[in-house]
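One-letter residues, chain by chain:
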Amino acid sequence: MANLVTVDDILTYMDIDLSNRQEDAAEFILDGLESDLELYLGRPVTMRDFTEHHVVPSVHVSAPYGSYLGSALTGNQYIDNAPAMRNPYVVYLKNSPVHSVATVTSTAANVGATVRTLTENKDYFVHDYGIEIPYAYAREKITVTYNAGLDGANIKVFKNIILRAASREMQNMHDDVLGIKDLETRNVGPLDTGFSETELRAVKRYRRVKAGFGLT
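Being a predicted model, the structure only gives us computed values, none of them experimental. What you see as residue numbers is a count from 1 along each chain, following the sequence as written. Per-residue local features are limited, in this predicted model, to residues with pLDDT of at least 70; the limit for side-chain atom pairs, both in listing and counting, is 80 or more; totals at the level of whole chains, interfaces and linings are taken over all residues. Side-chain numbers here rest on the full set of heavy atoms in the structure, without hydrogens or water.

This brings us to the packing of helix 1 (residues 7-14) against helix 2 (residues 20-41). Between N-to-C directions, angles cover 0 to 180 degrees, with each direction set by a line fitted to C-alpha atoms, over the stretch in contact for helices. Note on conventions: DSSP H or I runs of at least 4 residues are helices, E runs of at least 2 residues are strands, and numbering of each starts at the N terminus. Following both chains from N to C, one finds helix 1 and helix 2 inclined at 100 degrees, their axes separated by 9 Å at the closest point. If you check the angle between helix 1 and helix 2, you find them roughly perpendicular. Between helix 1, through Val7, Ile10 and Leu11, and helix 2, the contact on the second element is made entirely by Glu23, Ala26, Glu27 and Leu30. Only Asp, Glu, Lys and Arg are considered charged in this grouping, and only Ala, Val, Leu, Ile, Met, Phe, Trp, Tyr, Cys and Pro are considered nonpolar; every other residue, Gly among them, is considered polar. Residues of the contact of helix 1 with helix 2, tallied by class, amount to five nonpolar, no polar and two charged. These descriptions rest on fixed angle ranges, namely under 35 degrees for roughly parallel, over 145 for roughly antiparallel, 65 to 115 for roughly perpendicular, and the rest for oblique. Note on contacts: a residue pair is in contact if any heavy atoms of the two residues lie within 4.5 Å.

Structural data, given as structure tokens:
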């Protein structure tokens, strides 16, 4: 995975040169900061591919269109053109926003069941937070391969706060290493790692709001 901020970006931002070992350390810092940012936002900061496996709960019940249970009844009469009831199952994917779904497969709970490939806009519908399956059955295994994440390369605030936090950590690391080499305590502030509250407030609007029950 390519980071939003590269070591070259840091060199330009801080106007410094680094040894090979220092560049490796800078890479570790950038990896950690981007991971921290994704943890705070609850979603990837770059668009990439994922595969997830989900199992429909055993309590889920779905009534297909045209079935006895899915039709309105007058006495014991079956009305074919009556509005059918359904109980769709929503797969809330771990990463969002969802940009596209490559494949969705379904495997029934019974032993020896074959894998069935579902068709978009017929067997499932794509939403920003996941997919809606009109007819899913108890203990059915659903596998989804999809592309999701924020377009971080075009959200400038992400790169800005990573550059600021990385430069602080690198400066602290540099001062601390010099102090150890000189065997003396240098007059430096406490180690400041991660993002500040101000920086996190700047990106708070991009945090994931977990989808609840329903299809809104």
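With that settled, consider the nonpolar core. For this analysis, a nonpolar core means a set of buried residues of the types Ala, Val, Leu, Ile, Met, Phe, Trp, Tyr and Cys, connected via side-chain atoms within 4.5 Å. Only protein chains enter the accessibility calculation, which uses a 1.4 Å probe; a residue whose area is less than 20% of its type maximum is buried, one above 50% is exposed, and one in between is partly exposed. Membership of the largest hydrophobic core comes to 28 residues, with the highest contact counts inside it found for Ile10, Leu37, Leu41, Phe158, Ile162, Phe195 and Val203. Only helix 1, helix 2, helix 3 (156-181) and helix 4 (197-203) provide two or more residues apiece to this core. Of all the elements, helix 3 adds the most residues to this core, at eight residues. If near-sequence neighbours (up to four positions away) are discounted, Leu37 is found in contact with Val45, Phe158, Ile161, Ile162, Phe195 and Val203.

Mapped onto the fold, Thr143 is located in strand 9 (residues 141-148). The exposure class assigned to Thr143 is buried, which follows from its relative accessible area of 15%. One polar contact links Thr143 to His53, side chain to side chain, over a distance of 3.0 Å. Pairs of N or O atoms within 3.5 Å make up the polar contacts considered here, provided that, within protein, one atom can donate a hydrogen while the other can accept it, and that residues adjacent in sequence are counted only when both atoms are side-chain atoms.

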